[in-house]
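Summary of the model geometry
The lines below spell out each chain.
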Amino acid sequence: MDPSRCFVTNVKRLIVKVGTAVVTRADGRLAVGRLGALCEQLKELNSQGYEIVLVTSGAVGLGRQRLRYRKLVNSSLADLQNPQYELDGKACAAVGQSSLMALYDTLFSQLDVSSSQHLVTDTDFRNGSFRKQLSETVKSLLALKVIPIFNENDAVSTRRAPYEDSSGIFWDNDSLAGLLALELQADLLVLLSDVEGLYSGPPSDPDSKLIHTYIKEKHQGEITFGDKSRLGRGGMTAKVNAAVCAAYAGIPVVITSGYATDSIIKVLQGKRIGTLFHQDAHLWTSVKEVGAREMAVAARECSRRLQAMHSDDRRKILLDIADALEANESLIKVENEADVADAQDAGYDKSLVARLALKPGKIASLAKSVRVLAEMEEPIGQVLKRTELADGLILEKTSCPLGVLLIVFESRPDALVQIASLAIRSGNGLLLKGGKEAKRSNAILHKVITSAIPKSIGNKLIGLVASREDIPDLLKLDDVIDLVIPRGSNKLVSQIKELTKIPVLGHSDGICHVYVDKSAKVDTAKRIVLDAKIDYPAACNAMETLLVHKDLSSNGLLNTLTKELQHEGVTLYGGPRASSLLNIPEAHSFHHEYSSMACTIEIVDDLQAAIDHIHQHGSSHTDCIVTENHEVAEIFLHGVDSAAVFHNASTRFCDGARFGLGAEVGISTSRIHARGPVGVEGMLTTRWILRGSGQVVDGDKGVIYTHRDLSQ
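Remember, predicted model here, so these are calculated numbers, not experimental data.

Helix and strand content of the protein: 24 helices and 24 strands. Across its three principal axes, the protein shows a C-alpha extent of roughly 95 × 80 × 45 Å. For the protein, buried positions account for 53% of its 712 residues. Roughly 32800 Å² of accessible area belongs to the protein as shown, and the carbon and sulfur atoms make up 49% of that amount. Charged side chains in the protein number 80 positive and 87 negative. The centres of these two groups are separated by 5 Å.

Below, the structure written as structure tokens:
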């Protein structure tokens, strides 16, 4: 249970308000399926002993739809040609109310639940006797397990402007629900909407974020509301106003989706869904930090049990994971295809969708890489150096796990498998946060992998962070998280570095260059350039800039490379020299990672100019020279200060699996700790073990240091 939802353990009396947009479809007709699911939830809760009061909208919208149909049936041709006048709202309410209640009665009767109808107006609540009688009547009905159904009686309301006025005791069904929660001393108010909860802006805006807990002091001035409800008169603004009033009067409120078939039940189970309003919300700013700390501490404890296992037992865990991946391939495929479809519908870039998809054969390839890791030499406890300090005093430098790693990655769900298997092989605890676009894929892969971890270790060895909002809290835990590895955009890496004191390992950009020298062979240059760009354009080791020696513009090789790239569908941009010579658009920046079928071309005077260009505009990831002159090649290999530098080989070879590391947790351009593809060794550190026989320092009086190397 989410700590901020612990109040649900004391809930007995529950007010549920269902809005017009939930009750009716877009065409104004009743959404019978949604109402049926709602009634089934209420039936289940009723049978569990909850006291339930239902506040429902929808009568006006339903009545309007029925009266329009009746008017159409009774209209002459002349009437149809005249402009339609707006139907009276009170008449719509009167007609719709009977139909709405008839449906509720039918649905509840089928479920063997009794319900009662209560139509109230603002004026009613001005009478103290009415309020007292209302409470007594409802209390009697609840004791009989009857579900009272309330609705504002719009047909006889005396409000000056029934659909606009916000004066008085209540002014819509949302505020009525809040008022009833106070009058009836409810333990919880649930407001059902057509969206998941309260967002920071209009839900249709991709930058809007779901607010899990509303803090008045923080959110009141930050939220931008969209249009009001499609059919009702309040929308989210009315719900928030009602929720704030009730919550600060002592009644917790949750706004959540009425489209889901089990949202009310999930709220009462303490699940973190929808938006919670609570008078103590401002005191919970540290709740998520506690949860983040517990997750990190649990990962460390599990990792220590993992490290204590025999090497063969750790190896077996990896083999079991490989088997589990293959056994669940069809299930993984279903979830991944759903992610890909959602990403395409959301209009994500093709490069992101390409990284997201688990293509045919990918699961088998991942399982194979996990088995390769399992067969590698045991990495933990390796003696890297053995020294005799003095007679009988032996010092060993040994390999050991880093501890707990936090990996934040985007798009690629296959990265989860690689990272998890590397963590297990290296004995590290792991916290993973993948991109929301791969939510389903990451969830099923995490479940498959952790199910293969023995209970003696614990499935908390690998934690899957649910929300991006948890990341800032995790980044504060420099005492329990040892390393952060971001795999994603430059923006992501920069944000993480700004938010944490924890060491960060990774690269922000993959600005990879291929320099074709004047001595390059035509066929060799064509193969390398095309492979570096088109083998997998979305990868960080794909070529983004092609540098060509100036002499190749006159011997035809520049034109050949240009035409070959264009033939393969690569969009070309040029530096100042190349764009003029080749008549292609000029690149807006040399430091640009396309991650797609596009690249920049520029002409350089010589080898040193190419090296200078790479140092000025590159990202220290992977750079390549194509040349038959070995002296020139050596100057390039030792002169370019990048994590990986190649001679006559595609930049696409910069990969953990291709380097024989089994897999990679990422590629690092850092100059501290690991650099280049980071495999098992990059997830290890060292410690010193000293064995003696009672020696003491005592001012070094009696110690004769030998410092003899025993490693050989």
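The next thing to look at is the sheet that holds strand E9 (residues 383-390). A sheet is described by the order of its strands in space; here four strands give the open sequence E23-E10-E9-E24, paired in antiparallel fashion. A strand with exactly one partner marks an edge of an open sheet, and here the two such strands are strand E23 (684-691) and strand E24 (705-709). Going across the sheet, the axis of each strand differs from the next one's by a mean of 25 degrees, ignoring polarity. With three bridges connecting them, E9 and E24 associate as antiparallel partners. Bridge pairing in E24 links glutamate 388 to arginine 708.

This part covers the packing of aromatic side chains. By the definition in use, this model includes six aromatic pairs. Note on phenylalanine 125 and phenylalanine 130: the rings are 5.4 Å apart at their centroids and 80 degrees apart in plane angle, and the pair reads as edge-to-face. Classification of phenylalanine 130 by relative accessible area gives partly exposed; the value is 24%. Directly above the aromatic system of tyrosine 536 lies the positively charged group of lysine 359, at a separation of 6.0 Å from the ring centroid.

To continue, consider the domain arrangement of the protein. Under the domain assignment used here, the protein contains domain 1 (3-285), domain 2 (292-499) and domain 3 (512-664). Centre-to-centre separation of domain 2 and domain 3, based on C-alpha positions: 32 Å. Taken together, the contact between domain 2 and domain 3 spans ten residues of the former and seven residues of the latter. The contact between domain 2 and domain 3 buries some 750 Å² in all, and 57% of this surface belongs to carbon and sulfur atoms. The three residues of domain 2 that bury the most area against domain 3 are Ser351, Arg355 and Leu422, which together make up 40% of that side's buried surface. Put simply, domain 2 and domain 3 have zero salt bridges between them. Our enumeration of links across domain 2 and domain 3 arrives at zero residue pairs in polar contact (both at pLDDT 80 or more). A class-by-class count of the residues in the side of domain 2 that touches domain 3 yields five nonpolar, three polar and two charged.

So, about helix H7 (residues 173-183). Of all eleven residues in H7, nine are buried, a share of seventy percent or more. The complete set of buried residues in H7 reads Asn173, Asp174, Ser175, Leu176, Ala177, Gly178, Leu179, Leu180 and Ala181. For H7, the N-terminal capping position is held by aspartate 172, with its side-chain oxygen 3.2 Å away from the main-chain nitrogen of aspartate 174. Trailing H7 by a residue or two, glutamine 185 shows a phi angle of about 55 degrees, which is positive.

With that settled, consider the pairing of strand E4 (residues 147-152). Across the six residues of E4, six count as buried, placing the element largely inside the fold. Residue alternation in E4 divides its side chains into two sets, Ile147, Ile149 and Asn151 and Pro148, Phe150 and Glu152, and both sets are buried. Bridge count for strand E2 (residues 51-56) against E4 is two bridges, and the pairing is parallel. Of the residues in E4, the one forming a bridge with leucine 54 is isoleucine 149.

Let us now look at the packing of helix H12 (residues 311-327) against helix H15 (residues 362-375). Interhelical geometry of H12 versus H15 gives an angle of 170 degrees and a closest axis separation of 9 Å. Taken together, H12 and H15 sit at an angle that is classed as roughly antiparallel. Contacts between H12 and H15 involve Arg315, Leu318, Leu319, Ile321, Ala322, Asp323, Leu325 and Glu326 from the first element and Ile363, Ala364, Ala367, Val370, Arg371, Leu373, Ala374 and Glu375 from the second. Looking at the contact of H12 with H15 residue by residue, the class counts come to eleven nonpolar, no polar and five charged.

Looking now at the sheet that holds strand E13 (residues 462-464). Pairing is parallel across the open sheet formed by four strands, whose spatial order is E13-E12-E11-E14. The open sheet terminates on both sides in strands that have one partner only, identified here as E13 and strand E14 (483-487). Strand-to-strand twist across the sheet, computed as the mean angle between neighbouring axes with direction ignored, equals 15 degrees. Pairing of strand E11 (residues 404-409) with strand E12 (residues 429-433), which is carried by five bridges, proceeds in the parallel orientation. Within the sheet, the bridge partner assigned to isoleucine 407 lies in E12 and is leucine 432.

Before going further, it helps to spend a moment on the environment of histidine 673. Here histidine 673 shows up in the loop between strand E21 (666-668) and strand E22 (676-678). Among the residues examined, histidine 673 registers a relative accessible area of 45% and is labelled partly exposed. Separated by twelve residues in the primary sequence, histidine 673 and threonine 685 place their C-alpha atoms 8.7 Å from one another. Apart from residues lying up to four places away in sequence, histidine 673 is in contact with Leu402, Leu505, Gly682 and Leu684. Reaching out from histidine 673, the side chain makes a polar contact with the backbone oxygen of glycine 682 at a distance of 2.7 Å.

Scoring rules and cut-offs
- Residues numbered from 1 in each chain as written.
- Predicted model: local features only at pLDDT ≥ 70, side-chain atom pairs only at ≥ 80, totals over all residues.
- Heavy atoms only, no water.
- Helix = DSSP H or I, 4+ residues; strand = E, 2+ residues; numbered from the N terminus.
- Buried < 20%, exposed > 50% of the residue type's maximum accessible area, 1.4 Å probe, protein only.
- Areas by Shrake-Rupley, 256 points an atom, 1.4 Å probe, with all protein chains shown as cover.
- Lys, Arg positive; Asp, Glu negative; His and termini not counted.
- Charge placed at Lys NZ, Arg CZ, Asp CG, Glu CD.
- Pairing = 2+ DSSP bridges.
- Axes fitted to C-alpha atoms, helices over the stretch in contact; angles between N-to-C directions.
- Phe/Tyr/Trp six-rings, centres within 6.5 Å; stacked < 30°, edge-to-face > 60°.
- Lys NZ or Arg CZ within 6 Å of the ring centre and 35° of its normal.
- Domains from an automatic or database assignment.
- Contact = heavy atoms within 4.5 Å.
- Buried area = accessible area lost by both parts, 1.4 Å probe.
- Salt bridge = Lys/Arg side-chain N within 4 Å of Asp/Glu carboxyl O.
- Polar contact = N/O pair within 3.5 Å; in protein donor to acceptor, adjacent residues only side chain to side chain.
- Nonpolar A, V, L, I, M, F, W, Y, C, P; charged D, E, K, R; others polar.
- Parallel < 35°, antiparallel > 145°, perpendicular 65-115°, else oblique.

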